[in-house]
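For reference, the chains in residue letters:
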Amino acid sequence: MTATGGDLPLHPGLADGPVYLDYNATTPVDPRVAAAMWLHLTNFFGNPSSSHPYSQEPRRALTEARAQVAGLIGAQPGEIVFTGSGSEADLLALRGAVLASGRPHPHVITQATEHPAVLQTCQALERLHGARVTVLPVDSEGLVEPAALAAALTEDTVLVSVMAANNETGALQPIAELAALAHERGALFHCDAAQAVGKIPLDVGELGVDLLTIVGHKMYAPKGAAALFVRDGVRLEPVVYGGGQERGLRAGTENAALAVALGTAARLAADELASGARARIAALRDDLHQRLTAGLPGRVRLNGPDKHRLPNTLNVSVAGVLGHDLLVAIGEIAASTGSACHSGTHTASPVLTAMGLDAARALGALRLSLGRWSTAEDIETAAAALTKAAGAQ
């Protein structure tokens, strides 16, 4: 691997390893994020809630980080609640809205290709809190039909939860249209935007969402740094009880270091979006797709939308091979499939099967996701390795 096309030096964690094409799973921590965070792991150790001088810098840093995260999505700083993960943010949004509604049998709507953090929370709400859950189907591109949501909404619908972008295919849902439909029936709208924030412009006002999940390790911050946008006036039951931290929704002494990391990552992402960096990533993704198609004529099929998807995500199936076996045979790249292996038996991705793909195509899928340190040299190396290995099978 070499340095990126801009002025950014090669990430030290990628220097001696295979080409990294699994940015949707997690991203390397940007050294600039790590540097900003480091002082709050060492020098600035005070409790932000204390009143003495040691608390001043942590408290200031929390305020700044909240503003940086809010600025990335067009929110107000007071609408940002820091959490420990995207799954926790999803839990706070869904459970919080259902319990705060006070309804004996609240209705929740989600869709078939959501992250397990949403789908399993919905199952728990059914099991533990008497909720009724509707799971909407998706079309062949993995998209929710607005008409299906309109038909599913009832007077008892408390919340609709639909992700911004799918983690496997990159499919971008019509969030603004879906949120407007939910609001027409008096329901709140939550969007898990873990994969979308920082990759494409998002504005919570334009989208019309009430709740939105942000995840740090998907945007070059460490694991454990995340947030939930909670529109002013939206009532939620807390996820952790105790002190009054995070608007009373998540008790516990604030982790200023992780907040600083998330805030810095948000600022860097905003700068990249403003500079047009996503066009560079999209061009590399398309080059990879073209090289694979040319090298394996008639065997490569795109899964998900051609246009309405994340600029960094390429999900393709290669006929005649298992995606898992193909990646195992290649030492030059690190990527994933979305399928699962249990005792030697491979199970197709639930996302792809929900889209109606047959088992052979779903099991032949590869999720190739690019990021900040992806280069043209990486794409050439990855395409050559995949083409050679698939041609030998």
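Scroll up a little and you will see the structure.
Every value quoted in this text rests on a predicted model; they were computed, and no experiment measured them. (Residues numbered from 1 in each chain as written. Predicted model: local features only at pLDDT ≥ 70, side-chain atom pairs only at ≥ 80, totals over all residues. Heavy atoms only, no water.)

Participant: Would you mind showing me how to read the nonpolar core here?
Facilitator: The nonpolar side chains of soluble globular proteins are, as a tendency, buried together. Counting 65 residues, the largest nonpolar core has Ile73, Ile80, Phe82, Phe189, Val197, Val209 and Leu212 as its most contacted members. A total of 11 residues in this core trace back to one element, the largest contributor, which is helix H8 (residues 256–275). Once you skip the residues sitting within four places of it in the chain, Val209 turns out to touch Ile175, Phe189, Cys191, Val204, Phe229 and Arg231. (Core = buried A, V, L, I, M, F, W, Y, C linked by side-chain atoms within 4.5 Å. Buried < 20%, exposed > 50% of the residue type's maximum accessible area, 1.4 Å probe, protein only. Helix = DSSP H or I, 4+ residues; strand = E, 2+ residues; numbered from the N terminus. Contact = heavy atoms within 4.5 Å.)

Participant: Just checking my understanding: could you explain the pairing of strand E7 (residues 211–215) for this structure?
Facilitator: Looking along a regular strand, one sees side chains alternate from face to face of the sheet. Burial runs high along E7: 5 of the 5 residues are buried. Side chains Leu211, Thr213 and Val215 of E7 all project onto a buried face; the interleaved residues Leu212 and Ile214 project onto the opposite face, where all are buried too. Pairing of strand E6 (residues 188–192) with E7, which is carried by 3 bridges, proceeds in the parallel orientation. Looking at the pairing, Asp192 lines up with Thr213 of E7. As paired strands, E7 and strand E8 (residues 226–230) are joined by 5 bridges and run antiparallel to one another. Residue Leu211 lies in a different strand from E8, and its bridge partner there is Val230. (Pairing = 2+ DSSP bridges.)

Participant: I'm lost on the sheet that holds strand E9 (residues 300–302) in this one. Help?
Facilitator: By way of backbone hydrogen bonds, the strands of a sheet pair with one another, either parallel or antiparallel. As summarised here, the arrangement of the 3 strands in space is E9-E10-E14, forming an open sheet in which the pairing is antiparallel. Taken across any chain shown, the strands that pair with only one partner, and hence form the sheet edges, are E9 and strand E14 (365–369). On average, each strand axis in the sheet is inclined to that of its neighbour by 30°, with strand direction left out of account. Sheet topology places strand E10 (residues 313–318) next to E14; 5 bridges connect them, and they run antiparallel. Bridge pairing links Leu314 to Leu368 in E14. Set on the sheet, helix H9 (residues 277–295) makes contact with E9, E10 and E14; between it and E10 the angle comes to about 10°. (Axes fitted to C-alpha atoms, helices over the stretch in contact; angles between N-to-C directions.)

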